[in-house]
Amino acid sequence: MTEPSSSIPLTPSRARRAIGWAGLLAGCLDITAAAVEAGLEGKSPVYLFQAIAGGLLGMSSFRGGLATAALGAFFHFLIATTASAVFYLASRKLKFLVKHAIPSGLLYGVAVYIFMYYIVLPISAYHTKIALPPMAQLIRDVAVHMFMVGLPISLMVRKYSD
């Protein structure tokens, strides 16, 4: 038998762990909040994931069954992981993001909300017009992004930082 090469790491790097766990945690918390909201409106989790896939496919995503729901789930966690990677990379240069993880995470959640709702959605297949939602919805959506996206990302990045 040959010995494993010492140049190949046997465990994931701290960066991959930070980004991966942060993306998974934020993705799970965010989709749970969305699923509760959708459920209260009488919509299924399949519908919710199809709606996410609709960002690329448009309204045809609702005719794709479980395949487009799976695509939506993939996109959802890809977005959460990308948001985690952005925070992680920023935290390598801006050390206060890790040192002050709670306020940084809460503010990052607001930044993610603004990016998703005012940049991503308008260029998606839905072609959402930029408009301020009703105040109650705005407060709820921003709070979800603060506490279910930004904060978990910052805390996981802090956990795996030097």
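Keep in mind the model is a prediction, meaning the values are calculated, not measured.

Asker: Give a description of the overall build of the protein that names residues and reports values.
Answerer: Of regular secondary structure, the protein possesses six helices and zero strands. Helices and strands appear in the protein in the N-to-C order α-α-α-α-α-α. For the protein, the spread of C-alpha atoms along the principal axes amounts to about 55 × 45 × 25 Å. Buried residues in the protein amount to 35% of all 162 residues. Of the contacts formed within the protein by residues at least 6 apart in sequence, a portion of 66% connects residues at least 24 apart. When the accessible surface of the protein is split by element, carbon and sulfur atoms take 72% of a total near 9,900 Å². Side-chain charges in the protein split into 13 positive and 6 negative, and the spacing between the mean points of these groups amounts to 7 Å.

Asker: Break down the environment of His100 for me, citing the residues and quoting the values.
Answerer: Position of His100 among the secondary structure elements: in the loop between α4 (96–99) and α5 (101–123). With relative accessibility at 41%, the residue His100 sits in the partly exposed group. Along the chain, His100 and Ser154 lie 54 residues apart, while their C-alpha atoms are 9.0 Å from each other.

Asker: Pulling in residues and values, what's your account of the packing of aromatic side chains?
Answerer: The geometry of two aromatic rings is summed up by the distance between their centres and the angle between their planes. Counted by the stated rule, this structure contains five aromatic pairs. Plain terms: the ring middles of Tyr47 and Phe62 are 4.8 Å apart, the flat faces sit at 25 degrees to each other, and that makes the pair stacked. With a gap of 15 residues between them, Tyr47 in helix α2 (residues 45–57) and Phe62 in the loop between α2 and α3 (65–93) connect regions that are remote in the sequence. Note on Tyr47: relative accessible area 34%, which makes it partly exposed. Grouping aromatic residues by their ring pairs yields a cluster made of Tyr113, Tyr117 and Tyr118.

Asker: Give me the lowdown on the packing of α3 against α5, citing residues and values where you can.
Answerer: For the pair α3 and α5, the least separation of the axes is 12 Å and the interaxial angle reads 130 degrees. Comparing their axes, α5 and α3 come out oblique. For the pair α3 and α5, the crossing hand works out as right-handed. Of the residues in α5, those in contact with Ile79, Ala83, Val86 and Phe87 of α3 are Ser104, Tyr108, Val112 and Met116.

Asker: Talk me through α2; I want residue IDs and the actual numbers.
Answerer: The end-to-end C-alpha distance of α2, which contains 13 residues, comes to 18 Å, matching closely the 18 Å that a straight helix rising 1.5 Å per residue would cover. Buried within α2 we find Leu48, Phe49, Gln50, Ala53 and Gly54.

Asker: Account for the confidence of the model for the protein, with residues named and values stated.
Answerer: With 93% of its residues at a pLDDT of 70 or more, the protein has an overall mean of 93. Confidence scores differ between elements of the protein, with α5 showing the lowest mean pLDDT of 96 and α3 the highest of 98.

Asker: Quick one: what's the story with a nonpolar patch on the surface, residue by residue and with numbers?
Answerer: On the surface, Phe115, Ile119 and Ile123 cluster together to form a nonpolar patch covering roughly 330 Å² of accessible area. Secondary-structure assignment places Phe115 in helix α5.

Asker: Please set out the nonpolar core residue by residue, giving values where relevant.
Answerer: The biggest cluster of nonpolar side chains holds 17 residues, and the ones touching the most others in it are Phe87, Tyr108, Val112, Ile153 and Val157. Sequence-distant contacts of Tyr108, defined by excluding residues within four places in its chain, comprise Ala83, Val86, Phe87, Gly150 and Ile153.

Asker: Summarise the pattern of salt bridges; cite the residues concerned and give the values.
Answerer: For the structure on display, the rule yields three salt bridges. Between Glu41 and Lys43 there is a salt bridge whose closest N-O contact spans 3.4 Å. Judged by its relative accessible area of 48%, Glu41 is partly exposed.

What counts, and at which threshold
- Residues numbered from 1 in each chain as written.
- Predicted model: local features only at pLDDT ≥ 70, side-chain atom pairs only at ≥ 80, totals over all residues.
- Heavy atoms only, no water.
- Helix = DSSP H or I, 4+ residues; strand = E, 2+ residues; numbered from the N terminus.
- Buried < 20%, exposed > 50% of the residue type's maximum accessible area, 1.4 Å probe, protein only.
- Contact = heavy atoms within 4.5 Å.
- Areas by Shrake-Rupley, 256 points an atom, 1.4 Å probe, with all protein chains shown as cover.
- Lys, Arg positive; Asp, Glu negative; His and termini not counted.
- Charge placed at Lys NZ, Arg CZ, Asp CG, Glu CD.
- Phe/Tyr/Trp six-rings, centres within 6.5 Å; stacked < 30°, edge-to-face > 60°.
- Axes fitted to C-alpha atoms, helices over the stretch in contact; angles between N-to-C directions.
- Parallel < 35°, antiparallel > 145°, perpendicular 65-115°, else oblique.
- Left-handed = near helix turned anticlockwise from the far one by under 90°.
- Expected span 1.5 Å × (residues − 1).
- pLDDT = per-residue confidence, 0-100.
- Patch = residues over 30% accessible without salt bridge, like charges linked within 9 Å, V, L, I, M, F, W, Y side chains within 5 Å.
- Salt bridge = Lys/Arg side-chain N within 4 Å of Asp/Glu carboxyl O.
- Core = buried A, V, L, I, M, F, W, Y, C linked by side-chain atoms within 4.5 Å.

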